[in-house]
Amino acid sequence: MSTRTSALDTVVFGVDVQSGDVRGDAPSYALVVFDGEDIDRDVVTYRKLRRLIEDERPDIIATDNMYELAEDKDALVHFLGELPDETRLVQVTGAEQPEPLSRVAGRHGVPYGKDPMQEAEASARLAARNVGQEVSAFTDTTEVKVSRGRSTGKGGWSEDRFTRRIHGAVRTRAREVESALDDAGLEYEKDATEKYGGYSNAVFRVTARPQDIPVSRRRNGDTRTEIERVRRDGIEFRPLAKRRDHVLVGIDPGTTTAVAIVDLDGGVLDVLSTRTADTAAVIEWIVERGRPLLVAADVTPMPETVEKIRRSFDAAAWSPMSDLPVDEKQHRTRDIGYDNDHERDAMAAALFAFDDHEDQFERIARKVPPRMNRGEITARVIAGDESVESVIDDLTETPEEEEETTEHTPRELTAEEKRIRDLERQVERLQAHVEDLNDTVAEKDDRIDELESNLDAARSEERREVRKDREVTRLERETERLERELEEERGRNEELQGKLDRLKELWKLDHSNFSDVAAEKKGLVPVKPVEKFTRGALEAANESYGLAEDDVIYLRDASGAGRSTAEKLVDVNPRVVLKNGGAISDIADEILFKNGIPVGPADDVAMQEVDELAVARESEVEAVIDDWEDRAEERRKERKAEELDRLISEHRADRGESD
């Protein structure tokens, strides 16, 4: 009887290639679904197999060769990465150097046949008994990353507030994850990148598998949470958990106690190093991983702690003739990873013990019948100095004596018996026909899957073509739009170039008109034209080139201004106002006069204009101002005279009344 931990409560997919090859276009697989009680058999395509794995999420996918599911190492890693978190891939024939499936099945008493469906069933039954090696490309460390769910680069006028809100949301989500990990008692390392207002991202390296982490993948507005297992450097094989085979145990005691478990084929199953566990905890750890038939140390004599553990298992002892040299221990464990020297010494003790008994183990293995427990027999031979044959005889049940058979003469079948015989033959024929129909249905299903795959590929290709045509049309429209904009820009450029040329001509004033300017390169004053003497025209001019104190303002049409318009011009406080067109209204003229704003005819000043710009001689502008000053002085004198006449008249009138 096998002493392996039962896995009958798990769902196992046994898989074997039915036809084709994973490197080909359309391999099909024999699939056996085994849950300990019921067995379902089917032939499926690779695509359907992946869909069933995703939907059913089995505990184990069992196969005799992992490269029947992936064409190379990279594809295998990709396959493992897409498996559900709780699903394991198990190669039941061993690790890097697998045995034939027939030999493994025979050793464990599992029915075996060369048909792919029978091989798939054998793989499923073996994995259900915890036979085989789990294929892993990922460590037991999981990376939980909390990051921004959207870009912070387009916040517009409130970009700072937008960025601060996103970083604050990332920090809040990171704290939620951290709290969940703490509540679950999980070990983790946190690496957060602080940014304006919070975190830009936070990475948690958790010592647990994704299914054991109480955090889910999600994307919620400002944040995104991703969960990904950390990859190994290569492919690793690990025996299925909690095996109860007979094993060899190497122990290195001390402040740090290290324990190594090695199977009867010399493979290292597990290693432990601890500074806190006592002897009872170490024994419990060993019990969970196997039944020791031999306990080894790397020094002689065997330390008391190791001897105490050995006696608790009633196992054989092994220690070297002299303490194992460090270089020999390093050489023996060179192909096995370890975290510290204590683990190395424990593994070296177990491996040297195996080397010392390897020939004996092989002789025992050759003599053990297929259906008997090799470990039980080896343990009794090693510990009790019994011969292999005597142990086998002791464990072999005595077969019951065969019942005597009596001769009889055939008799004539009754009509009812003949009817039963005929019906049984009919049932056999119908069953054979049903099997043929099932094969036909399976072939049709495969053909349907193939056609569906072709249809999906054709639809995908059609969608690509439609997207390509759509993109071409969009790019053509975009090109036409850009060409139109280019033409508009070219026209605008030509217009601006014309203005520039006119400006150059303006600053190279005609020599005959401005000879003094050309000679001295000074004596010009800028003039700011205003179309009409209205509030709207003043505001338009102010928006275009600005109206400021001491400006020379040119009113192309001075008529129509009222009090408010005149007051708005007074607020600018120009140096002089050159007017043209109609006459300024009396009210406007009075307001300008009272505020000392010179006003003169534009015809008295020779101006050169280019679009909105104009310049004039400083001397002519000064002449207009001087002329206004003269007129203003005369106007003030006239007003004083009028005021004096009015006062005299009023005085005379008052005297006449008094007389």
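Before reading on, note that the structure itself is shown above.
It should be emphasised that the depicted structure is a prediction, and the values quoted were computed from it without experimental measurement.

> Can you walk me through the packing of helix α15 (residues 563–572) against helix α16 (residues 586–594) in this structure?
To describe two helices that pack against each other, one gives the angle between their axes and the distance between the axes. Direction vectors running N to C along α15 and α16 enclose 25°, while the axes themselves pass 8 Å from each other. In terms of their interaxial angle, α15 and α16 are classed as roughly parallel. Considering the relative orientation of α15 and α16, their crossing is right-handed. In this structure, α15 contributes R563, A566, E567, L569 and V570 to the contact, and α16 contributes I587, A588, I591 and L592. Of the residues assigned to the contact of α15 with α16, the class counts are seven nonpolar, no polar and two charged.

> Got a minute to help me understand the pairing of strand β18 (residues 576–579) in this structure?
Look at any regular strand and the pattern is simple: side chains alternate between the two faces of the sheet. For strand β17 (residues 552–555) and β18, the ladder comprises four bridges, and the chain directions are parallel. By the bridge assignment, V552 is partnered in β18 with V576. In this view, the connection linking β17 to its parallel neighbour β18 by way of α15 has right-handed handedness. Inspection of the sheet shows β18 paired to strand β19 (residues 599–601) by three bridges, in the parallel sense. Looking at β19, one finds that L578 is bridged to G600. A crossover connection joins β18 to the parallel β19 through α16; in handedness this β-α-β unit is right-handed.

> Which parts of the structure should I look at to understand a positive patch on the surface?
Together, R459, R463, R467 and R470 line one region of the surface with positive charge. Take R463: it is sitting in helix α12 (residues 415–507). With a relative accessible area of 47%, R463 lands in the partly exposed category.

> Just checking my understanding: could you explain the packing of aromatic side chains for this structure?
Given two aromatic rings, their pairing is described by the distance between the two centres and the angle made by the two planes. This model, assessed by the stated rule, comprises four aromatic pairs. With a centroid separation of 6.0 Å and an interplanar angle of 45°, the aromatic rings of Y29 and Y46 are classed as tilted. Of this pair, Y29 sits in strand β2 (residues 28–34) while Y46 sits in helix α1 (residues 46–56), and the two are 17 residues apart along the sequence. Judged by centre distance (5.9 Å) and plane angle (65°), the rings of Y188 and F204 are edge-to-face. With Y188 in strand β7 (residues 188–195) and F204 in strand β8 (residues 198–207), this residue pair connects regions lying 16 residues apart in the sequence. The class for Y188 is partly exposed, based on a relative accessible area of 22%. Residue F204 is classed as buried on the basis of its relative accessible area of 0%. One Lys or Arg, R635, reaches over the ring of F593 and ends 4.3 Å from the middle of that ring.

Parameters and conventions
Residues numbered from 1 in each chain as written. Predicted model: local features only at pLDDT ≥ 70, side-chain atom pairs only at ≥ 80, totals over all residues. Heavy atoms only, no water. Axes fitted to C-alpha atoms, helices over the stretch in contact; angles between N-to-C directions. Helix = DSSP H or I, 4+ residues; strand = E, 2+ residues; numbered from the N terminus. Parallel < 35°, antiparallel > 145°, perpendicular 65-115°, else oblique. Left-handed = near helix turned anticlockwise from the far one by under 90°. Contact = heavy atoms within 4.5 Å. Nonpolar A, V, L, I, M, F, W, Y, C, P; charged D, E, K, R; others polar. Pairing = 2+ DSSP bridges. Right-handed = clockwise from strand over helix to strand, strands pointing away. Patch = residues over 30% accessible without salt bridge, like charges linked within 9 Å, V, L, I, M, F, W, Y side chains within 5 Å. Areas by Shrake-Rupley, 256 points an atom, 1.4 Å probe, with all protein chains shown as cover. Salt bridge = Lys/Arg side-chain N within 4 Å of Asp/Glu carboxyl O. Lys, Arg positive; Asp, Glu negative; His and termini not counted. Charge placed at Lys NZ, Arg CZ, Asp CG, Glu CD. Buried < 20%, exposed > 50% of the residue type's maximum accessible area, 1.4 Å probe, protein only. Phe/Tyr/Trp six-rings, centres within 6.5 Å; stacked < 30°, edge-to-face > 60°. Lys NZ or Arg CZ within 6 Å of the ring centre and 35° of its normal.

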